[in-house]
Amino acid sequence: MEHNLKALESKIKNIHCVLEQSIIACKEALEKLREFVAKYYFNDKSEEIEFYKKVKPIVLSYLIFYVEQLHIVTRRTKEGKKEQIKYLKKFISNYQTYFHNNLEFYHYYKSNATHLDEQFFLRENKTISLNREAFHYFTEDQFSTSHDSLVATIMAYTKLIEYLKNEIAQLNTNSKNMEIINPFQKESELIWTGNNNELVELIYALYSSGRINNSNVDIKEITLAFEKLFKKDLGNYYQSFNDIRARKINTTKFLDTLKSSLVKYMQDLDE
């Protein structure tokens, strides 16, 4: 699923189309999970808990994330910076309120506690007190537990808050970095011919190394500089970075390729 979502981001430039197609992809992935569970018998309680605590919530969290992001993007004002920041902060407040309203379980989940897992993540436990927002549990009891959707929502809202904070930071950065255009300065003709994730990987490597401005620089500012240099729109680069982090094999794939290329280039010069 994650591979399909990344492919959508690289192929489609319109953010609304990307989000709509991402929602469809997530719904399809969730439906495949539903079909799998309908035919599969878990070996034991621990396997079922693992599925409803970690596997299903990941897929569901992506669906929640993209649905919410589409709502935010569609209704986002095009007016001044203050109006946009006020609009974005409203959603941050809403998501934080959700955490507060579910504070007990939020702390349970975030602390990696396990002593109540059998109550929260087994379908057989239907008599415990249900969260008032888990209405799906009444109609999808063969594919849901009382708290798997809460985990998914916490995951999604956490990512959304980070996304919104990045959007606000970008608005502030853009206002601080308005440059006077020099009509005699030649525009860069450099073009990035790799994919977006490769450039994002390079940008975050430079950012994390602290080699730019002695670490006194925001990731947004570095990204904007690269976008300007290569005339490249990186879109939701924070999500791209999360995709890079989620790789199961070879997290720094592009950086490893750069190292190999440089070593080979130096070896060829020595021959």
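Nothing here was measured: the structure is a model prediction, and the numbers come from that model. (Residues numbered from 1 in each chain as written. Predicted model: local features only at pLDDT ≥ 70, side-chain atom pairs only at ≥ 80, totals over all residues. Heavy atoms only, no water.)

## Focus: helix α9 (residues 196-209)
- In a regular helix each residue adds 1.5 Å, so 14 residues correspond to 20 Å; α9 covers 20 Å between its end C-alpha atoms and thus fits that length.
- For α9, the full list of buried residues reads N196, N197, L199, V200, E201, I203 and Y204.
- Where α9 begins, the capping side chain belongs to N195, and its oxygen is found 3.1 Å from the backbone nitrogen of N197.
- G210 sits one or two positions beyond α9 and adopts a positive phi of about 75°. (Helix = DSSP H or I, 4+ residues; strand = E, 2+ residues; numbered from the N terminus. Expected span 1.5 Å × (residues − 1). Buried < 20%, exposed > 50% of the residue type's maximum accessible area, 1.4 Å probe, protein only. Polar contact = N/O pair within 3.5 Å; in protein donor to acceptor, adjacent residues only side chain to side chain.)

## Digging into the packing of aromatic side chains
- The tally for this structure, following the rule as stated, stands at 24 aromatic pairs.
- Pairing Y98 with F99 gives two aromatic rings, centres 6.5 Å apart and planes at 70°, and the pair type is edge-to-face.
- Aromatic pair F105 and F120: ring centres 5.3 Å apart, planes at 85°, arrangement edge-to-face. Taken together, the residues F105 in helix α5 (residues 103-110) and F120 in helix α6 (residues 117-120) connect sequence positions 15 residues apart.
- You can call F105 buried: its relative accessible area is 7%. (Phe/Tyr/Trp six-rings, centres within 6.5 Å; stacked < 30°, edge-to-face > 60°.)

## Considerations on the confidence of the model for the protein
- The pLDDT averaged across the protein works out to 84; a share of 84% of its residues lies at or above 70.
- Within the model, the stretch residues 177-185 combines pLDDT values under 50 with two contacts to residues more than four positions away or in other chains. (pLDDT = per-residue confidence, 0-100. Contact = heavy atoms within 4.5 Å.)

## Some points on the nonpolar core
- The biggest cluster of nonpolar side chains holds 50 residues, and the ones touching the most others in it are I72, Y95, F105, Y157 and L164.
- For this core, the secondary structure elements donating two or more residues are α2 (15-39), α3 (45-75), α4 (81-101), α5 and α8 (148-176).
- Top element by residues in this core is α3. It accounts for 13 residues.
- In this structure, Y95 is in contact with E68, I72, Y157, L160, I161 and L164, ignoring residues within four places of it in sequence.
- Y204, Y238, I244 and F254 belong to the second-largest nonpolar core, a separate cluster that totals 15 residues. (Core = buried A, V, L, I, M, F, W, Y, C linked by side-chain atoms within 4.5 Å.)

## Structural notes on unusual backbone geometry
- Of note, N213 is a non-glycine position whose phi angle comes to about 55°, a positive value.
- Following the sequence through the fold, N213 ends up in the loop between α9 and α10 (219-230).
- With phi around 55°, N250 is a residue other than glycine that occupies positive phi space.
- Turning to its location among the elements, N250 is positioned in the loop between α11 (237-245) and α12 (253-270).

## A short note on the packing of α3 against α4
- Between α3 and α4, whose axes approach to 11 Å, the crossing angle comes to 155°. Between α3 and α4, the angle is such that the two are roughly antiparallel. Handedness of the crossing formed by α3 with α4: right-handed. Between α3 and α4, the residues in contact are E68, H71, I72 and R75 and Y87, L88, F91 and Y95, respectively.
- Tallied by class, the residues present in the contact of α3 with α4 amount to five nonpolar, one polar and two charged. (Axes fitted to C-alpha atoms, helices over the stretch in contact; angles between N-to-C directions. Parallel < 35°, antiparallel > 145°, perpendicular 65-115°, else oblique. Left-handed = near helix turned anticlockwise from the far one by under 90°. Nonpolar A, V, L, I, M, F, W, Y, C, P; charged D, E, K, R; others polar.)

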